[in-house]
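The residues making up each chain are set out below.
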Amino acid sequence: MDDPAATERTARKPDRILLVLVGVVAVLVVVALAVVFTRGEPAPLDEASPAGVVQQYSRAVIGDDIPAAETFLTEGARSRCSGSYSGGQRPARVVLISTTERTDSATVRVSIVHAAQGNGPFGPSEYETEDVFLLLKVNGRWMIDQPPYPLMACTQIPVKR
Amino acid sequence: MTAPAVTTAPAPAGGLATLRRLILYVLLFALVVIAASGLSGLLERLFRTASVLVTGIVAGLALSLAFTLIGGPLALLLWWFVWRRLDDESERRAPGWGLYLTGMYAVSLIIATTSLLELAASFIGAHANQWPSPLANGLVWAGIWVWHRWMWKHPRKSPAHLEDVRAVVGSVFGLLLGAGAAIAALGALLDIAIRGFTAAAGFEPWWFDVVRPLIWAAGGAAVWWWHWIRGGGRRFRTGLVDVTIITVGIFAAGITALGGLAVILFILLRLAFDRSDPLNDLLEPLAPAIAAAIVGAIVWRYHRTASAHRSPQTRRASLLVTSAVALAAAASGVGVVVNALLAAAVSPLAGSSTRTLLLGGLSSLVVGSPVWWLAWKPRHQPVSAAEIPPGRRVYLVAFFGVSAVVALVTLLVIGYRVFEFVLGDVSGGSLLDRIRAPFGLLVAAGLVAGYHFGLWRHDRALLAAVPSRRRLIESVTLVSGYPVDAVDPAALARGIADAADGAKVTTWLRADDGGAALSPSSVPLSPVPSPGVEDAIRQVSAALDGVAAPHVLVLAGPGSRMEVIALAATTAADKSGGGSRTRAIPTAG
């Protein structure tokens, strides 16, 4: 109270913090806008690798191109098919976690991101599940033998329900 | 000689009477519920007789008969017993009676209202033959409600407690029902206006979906009006009504309105920048969001105005709660923006739509931050200790604490994912993808914690600059010798507590009316009249000034007698050498 300069200093301090915080938020928003809106299509992987096959298959499923997706399935997968995934909308994104390659088979672990519909006051929600693709080598080409359930897609009509 | 008596000692009721009332009222509650269920079952059967073709199973009828014929008479008998005893004042004042009446009033109000509204709504549209069950329930429970309302308003036997609880229960139930149904009705109407008739069910006229919730909304609004406006719930000045205004009218309504606004903005942004979904799906949440924003804003505005006419604490609390909701929305928006930024940095195998995420975060941020700015006024923070309002420091510490907990949890999740990455064969992109959500929350929590920590330190510096008034006296034992009708002991105790910076005051009354025999050396009392409460408080405050002991004994009255004795703690007594200090205050007669 006796030292007006000190009072002035303490009074101005939160203003500076506020300024810094507002600046940080503004920079974050601008950078995020720039990055998200300039981002193109996902980079294509090597089409002969298991991850590349999974990428093409997932892209076809998310784009609802069922005939194209079916070309990546093995005979067994197509015969076991019990129709498409009916649990709502398709996943929003598929992210590669890891690939395990053996001589005749491969396992590709992916993270499947779903966007939840609706939006509360606390932002939109996404949730992700982890799942695996099982691939087999058929005639020297990687084919998907078992896709994860949310990415199941085929035109086969099951014989009996 | 001096037999002390606590001022607020009740008549010796004993644990037995409390136990008897507890059992009695619990039994009565159960019996009334049983009888009501049996009676409504019988009524429903009666209403259905015309349409029933074949009756087979008798179990339901037997149960209803047993409930009615055994529960009903017993409930009436017990009620008659209770009601007769309520002529006794102590029975009327017992908490058990107030609790029973409040509980049964709330239950009967809720069941009767929902049943009758369900009945009214079932007449709209093709829901024929649905009326017997709600009609039977509604009739029986409405009867119980009227019965209990009559007892509540009875001039001689109505309970002495919880009057405001019954009013609040009724108005909160009505408000929630009315506001929720109003959102549904308005949402259905707007949905048809925005998306056309494609989404509506084909075989019903479109307005059925609007009128049905409208009936519920009207019922809820009537219940609310009856308890809040007509029944005078808003005129209670109790803490419960203040808390209700804050939690329901400000907090819940604020969340609804902000959420609705955020969704509206989100959909508009998506319409402009992100058309990845079909238009019909995109517009689906728009109508309920507009309805929620409008209804939430109306409810919020009403309670904001209502709180302005109440105590300054209520006004202050309503501002702090608004600011907290808005800040939480803005901060989680920042978290989602960071999340979207990191998601865009990951190259996914397929799919994209990080744009949707970013737009969602932006809409939360854009809706939350202006409201926070208006409610919190970051540019007009206190510059002196006198301007720091009560509650502000609690708010700062609460926000700092909550964000610290969020930061801790997110750090643990991030640490787990990083170690998994280091130890296992997981690709780098997936690490970023897995930590982006907790990382966004961590950034938001860090910003919030930093800001509130800075403010808290600033406030502390301001408070430290003021000469400290440390609380020295922890408890005061007051022995009042004034006549109770001249000096109210409770008012005197409150005054002393204020004078001693909130020390705990225990009050004892002298049983002997003079005390002259006890202390013959004190001032003769007969010629000196007892001072008023204000005088007594002033004398005690003057005598307490400068006393530095954790426990103080105050002998006040009769007449002008005033003695303040500082007591040492028993453990320290031998060290200080019997250190109690006695100051007799001579007062001019």
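Residues numbered from 1 in each chain as written. Chains lettered and ligands numbered in written order. Predicted model: local features only at pLDDT ≥ 70, side-chain atom pairs only at ≥ 80, totals over all residues.

**A few points about the overall build of chain A**
Counting secondary structure elements, chain A contains four helices and four strands. Its helices and strands in sequence order give chain A the pattern α-α-α-α-β-β-β-β, from N to C terminus. The buried share among the 161 residues of chain A stands at 35%. In chain A, of all internal contacts separated by at least 6 residues, the share reaching a separation of at least 24 is 52%. (Helix = DSSP H or I, 4+ residues; strand = E, 2+ residues; numbered from the N terminus. Buried ≥ 20, exposed ≤ 12 C-beta atoms within 10 Å, placed from the backbone. Contact = placed C-beta atoms within 7 Å.)

**Side note on the overall build of chain B**
Within chain B, the secondary structure is distributed over 17 helices and seven strands. In chain B, which comprises 589 residues, the share counted as buried stands at 40%. Across chain B, contacts joining residues at least 24 apart in sequence account for 80% of those joining residues at least 6 apart.

**Quick notes on the interface of chain B and chain A**
Quite often, the size of an interface is put as the accessible area lost when its parts meet. Across the boundary between the two partners, chain B contributes 56 residues, which contact 43 residues of chain A. Of all the secondary-structure elements, those providing two or more residues to the side of chain B that touches chain A are α8 (239-273), α11 (312-345), β2 (350-351), α12 (354-376) and α14 (428-465) of chain B. By residue class, the composition of the side of chain B that touches chain A is 32 nonpolar, 20 polar and four charged. Pairing between strand β1 (residues 93-101) of chain A and β2 of chain B: two bridges, direction antiparallel. Along β2 of chain B, the bridge assignment pairs R93 of chain A with G351 of chain B. (Nonpolar A, V, L, I, M, F, W, Y, C, P; charged D, E, K, R; others polar. Pairing = 2+ DSSP bridges.)

**Side note on the sheet that holds strand β4 (residues 141-146) of chain A**
Either a parallel or an antiparallel arrangement is found when strands of a sheet pair, and the pairing is made through backbone hydrogen bonds. Strand order across the open sheet formed by five strands is β4(A)-β3(A)-β2(A)-β1(A)-β2(B), with antiparallel pairing between neighbours. Every other strand in the sheet has two partners, leaving β4 of chain A together with β2 of chain B as the edge strands with one partner each.

**Brief notes about the confidence of the model for chain B**
Residues and elements named next belong to chain B. Mean pLDDT over chain B: 82, with 86% of residues reaching 70 or higher. In the predicted structure, residues 515-528 sits below a pLDDT of 50 and forms 18 contacts with residues beyond four places in sequence or in another chain. Throughout residues 572-589 the model reports pLDDT below 50, and contacts reaching past four residues in sequence, or to other chains, amount to 25 contacts. (pLDDT = per-residue confidence, 0-100.)

**Digging into the nonpolar core**
Membership of the largest hydrophobic core comes to 131 residues, with the highest contact counts inside it found for V110 and I144 of chain A together with L258, V334, V337 and A340 of chain B. Broken down by element, this core gets its largest block of residues, 19 residues, from α11 of chain B. F67, Y100, I144 and M151 of chain B belong to the second largest nonpolar core, which has 24 residues in total. (Core = buried A, V, L, I, M, F, W, Y, C linked by C-beta atoms within 7 Å.)

**A few points about the environment of T113 of chain B**
All names here are of chain B. Locating T113 in the fold gives a position in helix α4 (residues 95-122). Taking C-alpha positions, T113 is 27 Å from A289, a pair spaced 176 residues apart along the chain. Among residues more than four places away in sequence, those in contact with T113 are G219 and V223.

**Describing the packing of helix α1 (residues 14-48) of chain B against helix α2 (residues 59-85) of chain B**
Residue and element names in this part refer to chain B. Contact geometry of α1 with α2 gives a least axis separation of 7 Å together with a crossing angle of 140 degrees. On the basis of the axis angle, α1 is oblique to α2. Remark: the crossing between α1 and α2 carries left-handed chirality. For the contact of α1 with α2, the per-class residue count stands at 16 nonpolar, eight polar and one charged. (Axes fitted to C-alpha atoms, helices over the stretch in contact; angles between N-to-C directions. Parallel < 35°, antiparallel > 145°, perpendicular 65-115°, else oblique. Left-handed = near helix turned anticlockwise from the far one by under 90°.)

**Examining the confidence of the model for chain A**
Chain-level pLDDT for chain A is 75 on average; 75% of the residues reach the 70-or-more range. Low pLDDT (under 50) marks residues 1-11 of chain A, which in the prediction has six contacts with non-local residues, meaning those over four places away or in another chain.

**Re the packing of helix α10 (residues 286-308) of chain B against α11 of chain B**
Residue and element names in this part refer to chain B. For the pair α10 and α11, the least separation of the axes is 8 Å and the interaxial angle reads 150 degrees. Where α10 approaches α11, its residues R304, S307 and A308 are matched on the opposing element by T314, R315 and S318. A breakdown of the residues in the contact of α10 with α11 according to their chemical character gives one nonpolar, three polar and two charged.

**Re the pairing of β4 of chain A**
For strand β3 (residues 126-138) of chain A and β4 of chain A, the ladder comprises five bridges, and the chain directions are antiparallel. If you follow V138 of chain A over to β4 of chain A, its bridge partner there is R141 of chain A.

**Some words on unusual backbone geometry**
Excluding glycine, most residues fall at negative phi; most peptide bonds, likewise, are trans. Even without a glycine there, the phi angle at N139 of chain A is positive, about 55 degrees. Tracing the backbone through its elements, the reader meets N139 of chain A in the loop between β3 and β4. Residue N139 of chain A is classed as exposed on the basis of its 5 C-beta neighbours within 10 Å. One non-glycine residue with positive phi stands out, namely K377 of chain B, at about 50 degrees. Within the secondary structure, K377 of chain B is located in the loop between α12 and α13 (392-423). By C-beta crowding, K377 of chain B is classed as exposed, having 11 other C-beta atoms within 10 Å.

**With respect to the environment of R310 of chain B**
Residues and elements named next belong to chain B. Within the element layout of this structure, R310 appears in the loop between α10 and α11. By C-beta crowding, R310 is classed as partly exposed, having 16 other C-beta atoms within 10 Å. When the C-alpha positions of R310 and D242 are compared, they lie 8.2 Å apart, and in sequence the two are 68 residues distant. Filtering out sequence-adjacent residues up to four positions away, R310 remains in contact with D242 and R315.

**What to know about the environment of A106 of chain A**
Residue and element names in this part refer to chain A. Along the chain, A106 falls in strand β2 (residues 105-115). C-beta crowding within 10 Å serves as the criterion here: with 22 such atoms nearby, A106 is assigned to the buried category. Considered as a pair, A106 and L135 are 29 residues apart in the sequence and their alpha carbons are 5.0 Å apart.

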